[in-house]
Amino acid sequence: HRDLHSFPTRRSSDLVGTTTLFYIDREQKAARLELKEEAYLLLDTLQISLQDPLYRLDSDFLRDFMGALKDNQSFLTSGSVYDAQGRLVANLENDYDDVIFSVNADPVGQKLAQTSSTILEWRGNQMLAGRSISVGGQSFGAIQIGLSTRALSQKLTDVRNRGLGIIALSPDRKSTRLNSSH
């Protein structure tokens, strides 16, 4: 007798749960897409800003630029500029007291300098995005940035918690608990 009364409420709770999972998945995809679009926009801007200095290998400008980027963009977790051979020229992490140019090519820099497409990689709490900087099909180097996914993670946690709250407060869920206690 108890099972017949709880069947509709269980189905309703299952429906709320499934809808919540669908909503979380949709929000996750939308947030990832938004982060990708931010990466593409920032890479487009950096490509335009760094074409001439990279062509001239103006390391002072590139380092100053990356330093200014570091100071003004708190959502960036990393950033590197490579020459055409993939050697590191400037990045967000260095203060450049001693380093002028990397002697050896960096595998990431080489890969980015040789590709014509944007490369995206999700790694831990960041999304890495990079591409070649080229004019007329000739690569002068590459740029790679890391964007923090903390805001994305927090947004998804909030969505999940709201969904769980809806399930917990569902009238069907309450009546199921009341029915099962009798």
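This one's a predicted model, so the numbers in the text were calculated from it and none came from an experiment.

**As for the packing of aromatic side chains**
Next, step 1: Under the defined criterion, the tally for this structure stands at 2 aromatic pairs.
Next, step 2: A cation sits over an aromatic face here: R32 above W122, 3.9 Å from the ring centre.

**A short note on the confidence of the model for the chain**
Next, step 1: Across the chain, pLDDT averages 80, with 76% of residues at or above 70.
Next, step 2: Within the chain, no element has a lower average pLDDT than helix α5 (residues 171–181), which sits at 50, and none a higher one than helix α3 (residues 107–114), at 94.
Next, step 3: Confidence over residues 174–182 falls short of pLDDT 50; this stretch has 9 contacts with residues more than four positions distant or in other chains.

**Describing the sheet that holds strand β2 (residues 88–91)**
Next, step 1: Here we have 5 strands laid out as an open sheet, ordered β2-β1-β5-β4-β3, and antiparallel in their pairing. Pairing within the sheet leaves two strands with one partner each, and these edge strands are β2 and β3 (119–123). Sheet twist, expressed as the mean angle between neighbouring strand axes with direction ignored, is 20°.
Next, step 2: The sheet contact formed by β3 and strand β4 (residues 126–135) spans 5 bridges and is antiparallel. Looking across to β4, one finds that E121 is bridged to L128.
Next, step 3: Helix-sheet contacts for helix α2 (residues 59–72) involve β1 (76–83), β2 and β5 (138–148), and the interaxial angle to β2 is about 30°.
Next, step 4: Along the sheet, α3 makes contact with β1, β3, β4 and β5, crossing β5 at roughly 120°.

Each value, and the rule that gives it
Residues numbered from 1 in each chain as written. Predicted model: local features only at pLDDT ≥ 70, side-chain atom pairs only at ≥ 80, totals over all residues. Heavy atoms only, no water. Phe/Tyr/Trp six-rings, centres within 6.5 Å; stacked < 30°, edge-to-face > 60°. Lys NZ or Arg CZ within 6 Å of the ring centre and 35° of its normal. pLDDT = per-residue confidence, 0-100. Helix = DSSP H or I, 4+ residues; strand = E, 2+ residues; numbered from the N terminus. Contact = heavy atoms within 4.5 Å. Pairing = 2+ DSSP bridges. Axes fitted to C-alpha atoms, helices over the stretch in contact; angles between N-to-C directions.

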